[in-house]
Amino acid sequence: MSSSVSATEAADVIGTARERIDALDGQILDLVRERMAVSATVQEARIAAGGRRVHLSREMEILDRYRQRLGKPGTTLAMTLLELCRGRV
């Protein structure tokens, strides 16, 4: 049995996979927006209590978590998320 697929079969697989990727991207974007809103709530509460907007040791925990799960690119992803979530208050 041959392991090759026809161009039509490949196009079907690719089309289905791309639809799934688009759906996942939509979910990721929704989650990022939700994370931004929750982060703003935390920052507002911290500032109202006389604290600082950013908690650096907490950010380091987040960076480490992403690095452990995704390797070096995870750190870049976490930095981007943290940047998106800072200073919205």
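Calculation notes
Residues numbered from 1 in each chain as written. Predicted model: local features only at pLDDT ≥ 70, side-chain atom pairs only at ≥ 80, totals over all residues. Heavy atoms only, no water. Helix = DSSP H or I, 4+ residues; strand = E, 2+ residues; numbered from the N terminus. Rg over C-alpha atoms; globule rule 2.2 N^0.38 Å. Buried < 20%, exposed > 50% of the residue type's maximum accessible area, 1.4 Å probe, protein only. Expected span 1.5 Å × (residues − 1). Contact = heavy atoms within 4.5 Å. 1 Å grid on protein atoms, 1.4 Å probe; cavity = no way out; pocket = protein on both sides within 12 Å on 5 of 7 lines; lining within 4 Å. Points joined across faces, edges and corners; volume = space filled by probe spheres on them. Nonpolar A, V, L, I, M, F, W, Y, C, P; charged D, E, K, R; others polar.

1. Concerning the overall build of the chain
Part 1 of the reasoning: When its secondary structure is counted, the chain shows 3 helices and 0 strands.
Part 2 of the reasoning: Listing each helix as α and each strand as β along the chain from the N terminus yields α-α-α.
Part 3 of the reasoning: A compact globule built from 89 residues should have a C-alpha radius of gyration of about 12 Å, whereas the chain, at 20 Å, is more than 25% larger.
Part 4 of the reasoning: Viewed in the frame of its principal axes, the chain has a C-alpha envelope of about 70 × 25 × 15 Å.
Part 5 of the reasoning: Counting all 89 residues of the chain, 15% fall into the buried class.

2. Re helix H2 (residues 56-70)
Part 1 of the reasoning: With 15 residues, H2 extends 21 Å from end C-alpha to end C-alpha; this agrees with the ideal 21 Å at 1.5 Å per step.
Part 2 of the reasoning: Looking at the buried residues of H2, the elements they touch are helix H1 (7-48) and helix H3 (72-85).
Part 3 of the reasoning: Looking one or two residues beyond H2, the residue adopting positive phi is glycine 71, at roughly 80°.

3. Observations concerning H1
Part 1 of the reasoning: Along its 42 residues, H1 runs 61 Å from first to last C-alpha, staying within 8% of the 62 Å computed at 1.5 Å per residue.
Part 2 of the reasoning: Check the buried side of H1 and you find it contacts H3.
Part 3 of the reasoning: Remark: glycine 50 follows H1 within two positions and exhibits a positive phi of approximately 90°.

4. What to know about the layout of surface pockets
Part 1 of the reasoning: Roughly 440 Å³ of internal volume is contained in the largest pocket.
Part 2 of the reasoning: Looking at the largest pocket, it is lined by 20 residues, and the ones nearest its centre are Arg35, Ser39, Ile62, Leu82 and Cys85.
Part 3 of the reasoning: Considering every element that reaches the lining of the largest pocket, the biggest residue donor is H1, with 8 residues.
Part 4 of the reasoning: Taken together, the residues of the lining of the largest pocket sort by class into 10 nonpolar, 3 polar and 7 charged.

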